[in-house]
Amino acid sequence: MKQQAANIYIALVAALGVIVLITNSFNVHTSSIDPVMFIFILVLVGIAQRNPVVLFRSSAISVAFAVKIAAYVLFGTPLALWATIVVVAVNAYTPKPKPARKVVFNFGQLMLATYLASSTYQLVGGMVPPGAFVPTMLAVAVSANSALTASVISLTSSSRFRDVWMQNFAWMPVNYLATAVNGAALALAYQSLGFIGVIVFVLPLGIAWYSFKLYTMKSTQLRERNRELVSMNESLQRTSERLEASHVSVIAALLGSLAAKDHTTQGHSAATMQHALAVAKSLGLGPDEIAAVNLGALFHDIGKIGIPEHILRKPSALSAEEWAEMKTHPVIGANLIGEVPNLERIRPIVLAHHEHYDGSGYPNGLKADQIPLAAQIISVADTYEAMTSTRPYRSALDHDAAVAELRRVAGTQLNPIVVEAFIRQIETGASGVAHAHDGVEHAHVRDRAVEAVRLSMN
């Protein structure tokens, strides 16, 4: 239905355009026409229509409108309509060939617009040729109007007339007004100074058009550059997401490798992490620090994947040489963490989790406040978990014995404040950790750990 209405509308506009052209052509008085100026106007209107300045949303500004105004101010409606034929012919192929339906409509709507503008100009007191400057300008300003194109767009699309106007033509009234004044000025320049006046007027107008075209070209380049940057940012975002997914996969592989090499530590990191998080929260640490404790506890023993299996699984106490090699795992872990983006911030924690409060630890002999607080918290939780877990070379300690040992080494190996906070948390059950050593719990430790990494990275 809407398409049929559009066809009827286009046919009606085209037919009215033909009627207007024919009826007005009978009223031409050739004796009053300067043939040189008339030919110049036809050439000028063609050049102006051939070189519009393209704006946003496929809109464009053409100074052909100004030349048509000069035509009806100087010679009246018929010759302005003839000049419009040139505009229609050029527009049919500029900037690219248009379908016949659109050419027919453009013919009709441009004819009607020119006729209405010229008639309005004369009805409000405009003279052909022009008389006084001020009345001419006022009459031309009133004659600048158009709405036919927005109507046909609304009929041939799903858009409403108001939306089409606001999106594509809201800027036109001001442009038409300014262009109309230019057209009247062109006519007055010719009337006052002859053809030389026209040349003098057109030259700066052409320079202004060229300057504006350069401006719009630069604006177009900037918009293209902005689109490229937006596209690049979206591509980088997708790449970042893929890299993050890859990092999580790498982390899962590292944790899996460690679990395969050292079965006695299965569940150890996850339990240490939960104890450490409870202590960090009880000490009032901020969100970033708690996140660092979370990741640091998860990866504190990751460097053990670089320790030979015969050392990790040895059923008896380690020799001096084996112990020296075992003590390298914080450095190995810190180096591995440093190679994974988003985990660089926990490298100092992994490196320092075996440092002692009194400076007797390894690998760098840090003490007291030199040791990151997150590492001190993890160290307490790690020590408790190690004592309460069964190892090949010893049995697990019960809770009371482990707590007594924590208090014994507080102030030497461990931070006494952290020790007391840990004991309060574990004895009140605030950490929520149950010691599970069955195979089913172990099977889920790595999945829980990887999920903690994913949440911490977000």
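Shown above is the structure to which this text applies.
All values reported here derive from a predicted model rather than from experimental measurement.

(A) Representation of the overall build of the protein chain. The secondary structure content of the protein chain amounts to 20 helices and two strands. Looking at the protein chain as a whole, 44% of its 458 residues qualify as buried. Taking contacts inside the protein chain between residues at least 6 apart in sequence as the whole, the part at least 24 apart equals 69%.

(B) Structural view of the nonpolar core. Counting 42 residues, the largest nonpolar core has Met37, Ile41, Tyr72, Leu74, Phe75 and Val198 as its most contacted members. Of all the secondary structure elements, the ones that give two or more residues to this core are helix 1 (2-25), helix 2 (35-50), helix 3 (64-74), helix 4 (77-91), helix 5 (100-123), helix 9 (172-193) and helix 10 (195-261). Element by element, the count of residues in this core is highest for helix 3, at nine residues. Residue contacts for Met37: discarding those within four places in its chain leaves Leu74, Phe75, Tyr190, Phe195 and Val198. Grouped together as the second largest cluster of nonpolar side chains are 41 residues, Val279, Val293, Val340 and Ile371 included.

(C) Spatial organisation of the packing of helix 2 against helix 3. Direction vectors running N to C along helix 2 and helix 3 enclose 160°, while the axes themselves pass 8 Å from each other. As summarised for this structure, helix 2 and helix 3 are arranged roughly antiparallel, according to the angle between their axes. Where helix 2 crosses over helix 3, the two elements pack in a sense that is left-handed. Contacts between helix 2 and helix 3 involve Met37, Ile41, Leu44, Val45, Ala48 and Gln49 from the first element and Ala64, Val67, Lys68, Ala71 and Leu74 from the second.

(D) Expanded view of the pattern of salt bridges. Evaluation of the coordinates by the stated rule reveals seven salt bridges. Taking the shortest distance from any N to any O, the salt bridge between Asp301 and Lys304 comes out at 3.6 Å. Comparing Asp301 with Lys304, the two get one shared label, buried. For Glu322, the salt bridge is made with Lys314, and the minimal N-O distance between the two is 2.6 Å. On the accessibility criterion, Glu322 (15% relative accessible area) is buried.

(E) Representation of a nonpolar patch on the surface. Residues Leu12, Leu16 and Ile19 make up a contiguous nonpolar surface patch of roughly 270 Å² in combined accessible area. Assignment of secondary structure puts Leu12 in helix 1.

(F) Helix 19 (residues 416-427), seen in detail. The first and last C-alpha atoms of helix 19 sit 16 Å apart over 12 residues, in line with the 16 Å expected at 1.5 Å per residue. At the N-terminal boundary of helix 19, the capping side chain belongs to Asn415, with an oxygen 3.0 Å from the backbone nitrogen of Ile417.

(G) Region of interest: the packing of aromatic side chains. One pass over the structure, following the stated rule, counts five aromatic pairs. Judged by centre distance (6.1 Å) and plane angle (35°), the rings of Tyr9 and Phe105 are tilted. Taken together, the residues Tyr9 in helix 1 and Phe105 in helix 5 connect sequence positions 96 residues apart. Like Phe105, Tyr9 is buried. Between Phe38 and Trp82 the ring centres are 6.2 Å apart and the planes differ by 65°, which places this aromatic pair in the edge-to-face class. Taken together, the residues Phe38 in helix 2 and Trp82 in helix 4 connect sequence positions 44 residues apart. Its relative accessible area of 13% is what places Phe38 among the buried residues. Look at Trp82 and you get partly exposed, because its relative accessible area is 29%.

(H) Structural view of the side chain of Ser389. With respect to the secondary-structure elements, Ser389 resides in the loop between helix 17 (373-387) and helix 18 (399-409). At a separation of 2.6 Å, a polar atom in the side chain of Ser389 contacts the main-chain carbonyl oxygen of Glu385. Leaving out residues up to four positions away in the same chain, Ser389 has contacts with Arg394 and Ala396.

(I) Looking closely at helix 2. If you check helix 2, its first and last C-alpha atoms are 22 Å apart, about what 16 residues at 1.5 Å a residue would give, namely 22 Å. The N-terminus of helix 2 is capped by Asp34, whose side-chain oxygen sits 3.1 Å from the backbone nitrogen of Val36.

(J) Representation of unusual backbone geometry within the structure. Across the junction of Tyr362 and Pro363, the peptide omega takes the value 10°, indicating a cis bond. As for its placement among the helices and strands, Pro363 is situated in the loop between helix 16 (347-352) and helix 17. Residues other than glycine seldom take positive phi values, yet Ala368 does so here, at roughly 45°. Checked against the element boundaries, Ala368 lands in the loop between helix 16 and helix 17.

About the cut-offs
Residues numbered from 1 in each chain as written. Predicted model: local features only at pLDDT ≥ 70, side-chain atom pairs only at ≥ 80, totals over all residues. Heavy atoms only, no water. Helix = DSSP H or I, 4+ residues; strand = E, 2+ residues; numbered from the N terminus. Buried < 20%, exposed > 50% of the residue type's maximum accessible area, 1.4 Å probe, protein only. Contact = heavy atoms within 4.5 Å. Core = buried A, V, L, I, M, F, W, Y, C linked by side-chain atoms within 4.5 Å. Axes fitted to C-alpha atoms, helices over the stretch in contact; angles between N-to-C directions. Parallel < 35°, antiparallel > 145°, perpendicular 65-115°, else oblique. Left-handed = near helix turned anticlockwise from the far one by under 90°. Salt bridge = Lys/Arg side-chain N within 4 Å of Asp/Glu carboxyl O. Patch = residues over 30% accessible without salt bridge, like charges linked within 9 Å, V, L, I, M, F, W, Y side chains within 5 Å. Areas by Shrake-Rupley, 256 points an atom, 1.4 Å probe, with all protein chains shown as cover. Expected span 1.5 Å × (residues − 1). Polar contact = N/O pair within 3.5 Å; in protein donor to acceptor, adjacent residues only side chain to side chain. Phe/Tyr/Trp six-rings, centres within 6.5 Å; stacked < 30°, edge-to-face > 60°.

Purely geometric numbers; function is a separate question.
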